[in-house]
Amino acid sequence: MSRYMLIESRDPFDSNDVAFTYGLACDLVKAGHDVALVLVQNGVLPARRGANADGLAAVIKAGVRVLADDFSLSERGIANARLTSGVEPTKIDVVIDHMAEGHKTLWH
Amino acid sequence: MAKKTLNIVESAYRAVMEEQDDTILWVLAAMQGAGAEHTVVLRANAVNYAVAGQGAPGMAVGKWTQTQAPKMDRDVADLIEKRKMTVYVIVEDVAQRGIEKRELMSGIRLLPRAALPGLYEEHAIVSHW
Amino acid sequence: MSKKTLTFALMDAPYESENLTTAFRLLAIAAERGFTINVFAYEGASALAFAKQVPHPNPVHGKNVAEENHPTTKDQVAALLACAEENGGKVDWVNCGMCVDERGVNEFVPGTRRGSPADLHAFTEASDNVLVIPTK
């Protein structure tokens, strides 16, 4: 088993290609790997409860740990209480932590 | 008399931390100061600029700290209140992002997508940013 | 945690993309931890350390230069280098030579240097991890 950290900086409203990252996260989990998906920048926009975000919901359902950068959330006025179930706010330190621990880290 | 210009803004949060504002809203405000007559429609992710209560703390890199971090709702309010621009958000784009209408700042106007052609006809120039 | 070596490849030009805001936030954390940090500044990112950047006022906000306190990426690069050193780490910041030449941005913040893709290769070989932050 490998450990992966996928960083998604884009959002599904502006970029269809977000489906690549979401799908990759699900496929890696299905293959038995440990996967965290970190939403940053506009990537946090689908994490607001009530958003049309079926793709992100599927990622959460697949068992991927989904984190949202607290700085990006504040920048966009998304309070923690407005996050959809299954998304945890996080400090960006988590990326450095995972890199230091040797997780394969990919940015999209 | 200046040409009435409709500005459709979709780019959002691209360089706001580095510039301490949105460069598109900034240039529209600056042009208005020079005599331009602008109307603004926030669409796509830019509808989030109309959400009240946003703004990250300033960045910090070692001993360097940012003291004037942007607040995009403040800048939209400036367009509406100080510069007397009409600013719309596309209602379908607001809904798609799960933004509740009560979360929007005061003074913002809601515009259905279907109303865009009529708005286009009211302006001499239409610019898509 | 032991001191690690991390490499970052950046591609976006200053003042145009939020990728750099996130990149500097990540770099700052690694510097605070005293890590060895390698940066390969490629394409537009080769202007991040350009020494002739000057802060500007913000007439729309009604602020003069001092009040606006406009960020420059060269100051962030310099602060990053200082932070790493204060915490027992170091930064090897390489500006792609051909990229700076074509952009005319070949005067760098002290402590950064000119380099080539061979440096990125060497960084990769010597690092515990690598993160490429691509432009879109």
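Everything that follows concerns the structure shown earlier in this document.
Thresholds, definitions, all that
- Residues numbered from 1 in each chain as written.
- Chains lettered and ligands numbered in written order.
- Predicted model: local features only at pLDDT ≥ 70, side-chain atom pairs only at ≥ 80, totals over all residues.
- Heavy atoms only, no water.
- Pairing = 2+ DSSP bridges.
- Helix = DSSP H or I, 4+ residues; strand = E, 2+ residues; numbered from the N terminus.
- Axes fitted to C-alpha atoms, helices over the stretch in contact; angles between N-to-C directions.
- Phe/Tyr/Trp six-rings, centres within 6.5 Å; stacked < 30°, edge-to-face > 60°.
- Buried < 20%, exposed > 50% of the residue type's maximum accessible area, 1.4 Å probe, protein only.
- Contact = heavy atoms within 4.5 Å.
- Buried area = accessible area lost by both parts, 1.4 Å probe.
- Salt bridge = Lys/Arg side-chain N within 4 Å of Asp/Glu carboxyl O.
- Right-handed = clockwise from strand over helix to strand, strands pointing away.

Asks: Please clarify how the sheet that holds strand β5 (residues 86-90) of chain B should be interpreted in this entry.
Replies: For sheets, the rule is that strands pair by backbone hydrogen bonds, running either parallel or antiparallel. All names here are of chain B. Spatial ordering of the open sheet is given by β6-β5-β2-β1-β7, a layout of five strands whose pairing is parallel. Both outer strands of the open sheet, β6 (109-111) and β7 (125-128), are each paired with one neighbouring strand and no more. Direction aside, neighbouring strands of the sheet carry axes that sit 25 degrees apart on average.

Asks: Teacher, can you tell me more about the packing of aromatic side chains here?
Replies: The relative placement of two aromatic rings is captured by the distance of their centres and the angle of their planes. All names here are of chain C. Taken as a whole and judged by the stated rule, the model has three aromatic pairs over all chains. Ring geometry for F24 against W93: centres 6.2 Å apart, planes inclined by 15 degrees, an arrangement best described as stacked. Taken together, the positions of F24 in helix α1 (residues 18-32) and W93 in strand β3 (residues 90-96) put the pair 69 residues apart, joining distant regions of the chain. A relative accessible area of 1% means that F24 is categorised as buried.

Asks: Help me out: how do you make sense of the interface of chain B and chain C in this one?
Replies: A common way to report how large an interface is uses the accessible area buried once the components associate. If you look at the interface, chain B gives 25 residues, while chain C gives 28 residues. For the pair chain B and chain C, the summed buried surface comes to about 2100 Å²; carbon and sulfur atoms form 52% of the total. Considering only the surface of chain B that becomes buried against chain C, E18, V61 and W64 of chain B emerge as the three largest contributors, covering 30% of it. For the pair chain B and chain C, the interface holds one salt bridge. Its salt-bridge partner being E86 of chain C, residue K63 of chain B comes within 3.4 Å of it at the nearest N-O pair.

Asks: How should the pairing of strand β2 (residues 34-39) of chain A be read in this particular structure?
Replies: The side chains of a regular strand alternate between both faces of the sheet. Residue and element names in this part refer to chain A. Where burial is concerned, most of β2 is hidden: five out of the six residues are buried. Between the parallel pair strand β1 (residues 3-8) and β2, the chain is carried across by helix α1 (residues 18-30), and the sense of this crossover is right-handed. Relative to strand β3 (residues 65-69), β2 is paired through four bridges, and the arrangement is parallel. Looking at β3, one finds that L39 is bridged to A68. As for the winding sense of the linkage, the β-α-β connection from β2 through helix α2 (residues 54-61) to β3 is right-handed.

Asks: Would you mind showing me how to read the environment of G44 of chain C here?
Replies: Its location among the elements puts G44 of chain C in the loop between β2 (36-41) and α2 (65-68). Distance from G44 of chain C to R103 of chain C, taken between C-alpha atoms, is 8.3 Å for residues 59 residues apart in sequence.

Asks: Got a minute to help me understand helix α4 (residues 93-100) of chain A in this structure?
Replies: Each α-helix turn comprises 3.6 residues. Residues three or four places apart therefore point the same way. Residue and element names in this part refer to chain A. With six of eight residues buried, α4 lies mostly within the body of the structure. Those residues of α4 lying buried are V94, V95, I96, H98, M99 and A100. Just downstream of α4 lies G102, where phi reads positive at about 90 degrees.

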